[in-house]
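Working through the structure, step by step
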Amino acid sequence: MTGTAATDRADAAPRITGIVQARMGSSRLPGKVLRPLAGRSVLGRVVRAASDSGVLTDLVVATSTDTIDDAVAAECERLGVPCHRGPVDDVLDRFLGALAAHPGDAVMRFTADCPLLDPEIITLVASVYRAVPGLDYASTSIARTLPRGLDVEIIRAETLRTVGRLATEHHRVHVTSYAYTHPELFRVLGVTLTPDRSGLRLTLDTEQDWALVSAVVDHFGDVSVPLAKLTDWLDGQPHLRALNADVRQKQLEES
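Because the structure is predicted, anything quoted here is derived from the model rather than measured. (Residues numbered from 1 in each chain as written. Predicted model: local features only at pLDDT ≥ 70, side-chain atom pairs only at ≥ 80, totals over all residues. Heavy atoms only, no water.)

What follows is about the packing of aromatic side chains. Under the defined criterion, the tally for this structure stands at three aromatic pairs. Here Tyr137 and Tyr180 contribute two aromatic rings whose centre-to-centre distance is 5.6 Å and whose plane-to-plane angle is 35°, an arrangement assigned as tilted. One end of the pair, Tyr137, is in strand β7 (residues 137–139); the other, Tyr180, is in helix α8 (residues 177–180), and 43 residues separate them in sequence. Using a relative accessible area of 0% as the deciding quantity, one classes Tyr137 as buried. Tyr180 sits in the partly exposed class, given a relative accessible area of 29%. Look at Phe220 and Trp233: their rings are 5.4 Å apart centre to centre, the planes differ by 75°, and that puts the pair in the edge-to-face class. Of this pair, Phe220 sits in helix α9 (residues 207–220) while Trp233 sits in helix α10 (residues 227–235); the two residues are 13 residues apart in sequence, bridging distant segments of the chain. Across this residue pair, the class does not change: Phe220 and Trp233 are buried. (Phe/Tyr/Trp six-rings, centres within 6.5 Å; stacked < 30°, edge-to-face > 60°. Helix = DSSP H or I, 4+ residues; strand = E, 2+ residues; numbered from the N terminus. Buried < 20%, exposed > 50% of the residue type's maximum accessible area, 1.4 Å probe, protein only.)

Put into structure tokens, the structure is as follows:
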């Protein structure tokens, strides 16, 4: 390789593979990833937000080999997005398989239960990652200021492969958790956005969550809504914010 070619490669932005984990078998809200919102599936909204960020060189959905997830694979075909299938319970292995099939320098992890994901936040986190040489992991959830359901995380591909060799038990379900719970081993960065809106819950895990998300989509329609616009509107809707205010988020050790 010539010196110029080597320099060009070193200066090139890292190739980011987006991986969306999606499966039908939710314990609290089965089939949630394919529920319709304004004519688009929940999974379809997540795929659109990830694509609209403009930072991904590739995007793939990682689902399981369980027959119930044939429906997820069929939706991926309809959406025109690749689908990788792997173990039901070892989500980390699924991600590593998806990365092997769709190589990149870094992986952005998305979950298919976040239909209100904001493409602008995805773009921001990717920019922060690219601006810090040698970073292993960056996320908005280390010091949470965003509503749950809008968080974004990115992990260096080689770090993910290292985690794949080291992680056990619940860390294999949560994919990246071994990295951010071992800052002595990895270079980890938290991304915070002000003001603090962490009191809002905009993820999709229960029927109460579904009631709130549905109300948001009924109001805004089939579009990705910027964080500030969404939260400003919800500030004036206390009855909607109360719908899922009492929902308990599962702990890291819970699958």
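To continue, consider the pattern of salt bridges. Enumeration over the complete set of coordinates arrives at 17 salt bridges. Each member of the salt-bridge network shares a partner with another, and the members are Arg28, Lys32, Asp113 and Asp205. (Salt bridge = Lys/Arg side-chain N within 4 Å of Asp/Glu carboxyl O.)

As a further point, take the nonpolar core. Ranked by internal contacts, the top residues of the largest apolar core, which has 55 residues, are Leu43, Val61, Met108, Phe110 and Leu234. Those elements that place two or more of their residues in this core are β1 (16–21), α2 (42–52), β4 (58–64), α3 (70–79), β6 (106–111), α5 (119–131), α9 and α10. With seven residues, the top contributor of residues to this core is α9. If we ignore the near neighbours within four places in the chain, the residues touching Val61 are Val20, Ala22, Leu43, Val47, Val72, Cys76, Val81, Pro82, Cys83 and His84. Ile155, Leu160, Tyr178 and Phe186 belong to the second-largest nonpolar core, a separate cluster that totals 20 residues. (Core = buried A, V, L, I, M, F, W, Y, C linked by side-chain atoms within 4.5 Å. Contact = heavy atoms within 4.5 Å.)

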